[in-house]
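# Inside the fold
Here's the letter readout for the chains.
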Amino acid sequence: MILKEIRLKICMTQAELGEKSGYGGSYISHIENGRRLPQTGALQKILIALREGGATKGECTKIKDEFFEKVTKAILGAK
């Protein structure tokens, strides 16, 4: 569920995420719907694709940048 929330927040489709991560959109759908649990390597590729892909213009870009800044700070414990 979290994967879908992140993907939607950065204005990325399942097909786009699948393509950018090297997996199909149906694989992303299966993960989002709890039908598949990705291996560590797949999860890493998906996270990299989320970070590098998605919104490219307008409000989505701003939302994406702000979101990943917050996520990075939360993970690294920065204030």
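Residues numbered from 1 in each chain as written. Predicted model: local features only at pLDDT ≥ 70, side-chain atom pairs only at ≥ 80, totals over all residues. Heavy atoms only, no water.

Turning to the packing of aromatic side chains, a few remarks are in order. Counted according to the given criterion, the structure contains 1 aromatic pair. On the basis of an interplanar angle of 25° and a centroid distance of 4.9 Å, the ring pair of Tyr23 and Tyr27 is categorised as stacked. (Phe/Tyr/Trp six-rings, centres within 6.5 Å; stacked < 30°, edge-to-face > 60°.)

Attention now moves to the packing of helix H1 (residues 2-9) against helix H3 (residues 25-32). Relative orientation of the contacting elements H1 and H3 amounts to 125°, with a least axis distance of 8 Å. For the element pair H1 / H3, the angle class is oblique. Between H1 and H3, the contacting residues are Leu3, Lys4 and Arg7 on the first element and Ile28, Ile31 and Glu32 on the second. The residue makeup of the contact of H1 with H3, split by class, is 3 nonpolar, no polar and 3 charged. (Axes fitted to C-alpha atoms, helices over the stretch in contact; angles between N-to-C directions. Helix = DSSP H or I, 4+ residues; strand = E, 2+ residues; numbered from the N terminus. Parallel < 35°, antiparallel > 145°, perpendicular 65-115°, else oblique. Contact = heavy atoms within 4.5 Å. Nonpolar A, V, L, I, M, F, W, Y, C, P; charged D, E, K, R; others polar.)

Even without glycine at this site, Cys11 takes up a positive phi of about 60°. With respect to the secondary-structure elements, Cys11 resides in the loop between H1 and helix H2 (14-21). Overall, Cys11 belongs to the partly exposed group, its relative accessible area being 36%. (Buried < 20%, exposed > 50% of the residue type's maximum accessible area, 1.4 Å probe, protein only.)

On to the confidence of the model for the protein. Residues at a pLDDT of 70 or more form 78% of the protein, whose mean pLDDT is 82. Looking across the protein, the model is least confident in helix H5 (residues 58-76), with a mean pLDDT of 69, and most confident in H3, with 95. (pLDDT = per-residue confidence, 0-100.)

Membership of the largest hydrophobic core comes to 14 residues, with the highest contact counts inside it found for Leu3, Leu17, Ile46, Leu50 and Phe68. At 4 residues, the largest contribution of residues to this core is made by helix H4 (residues 40-52). The residues touching Leu3, leaving out its near neighbours within four places in the chain, are Leu17, Ile28, Ile31, Glu32, Ile46 and Leu50. (Core = buried A, V, L, I, M, F, W, Y, C linked by side-chain atoms within 4.5 Å.)

On to the pattern of salt bridges, then. All told, the structure shown has 1 salt bridge when counted by the stated rule. Of the charged contacts in the structure, one is a salt bridge between Glu32 and Arg7, with a shortest N-O distance of 2.6 Å. Within this pair, whereas Glu32 is found in helix H3, its partner Arg7 is found in helix H1, the two being separated by 25 residues in sequence. Owing to a relative accessible area of 5%, Arg7 belongs among the buried residues under this scheme. (Salt bridge = Lys/Arg side-chain N within 4 Å of Asp/Glu carboxyl O.)

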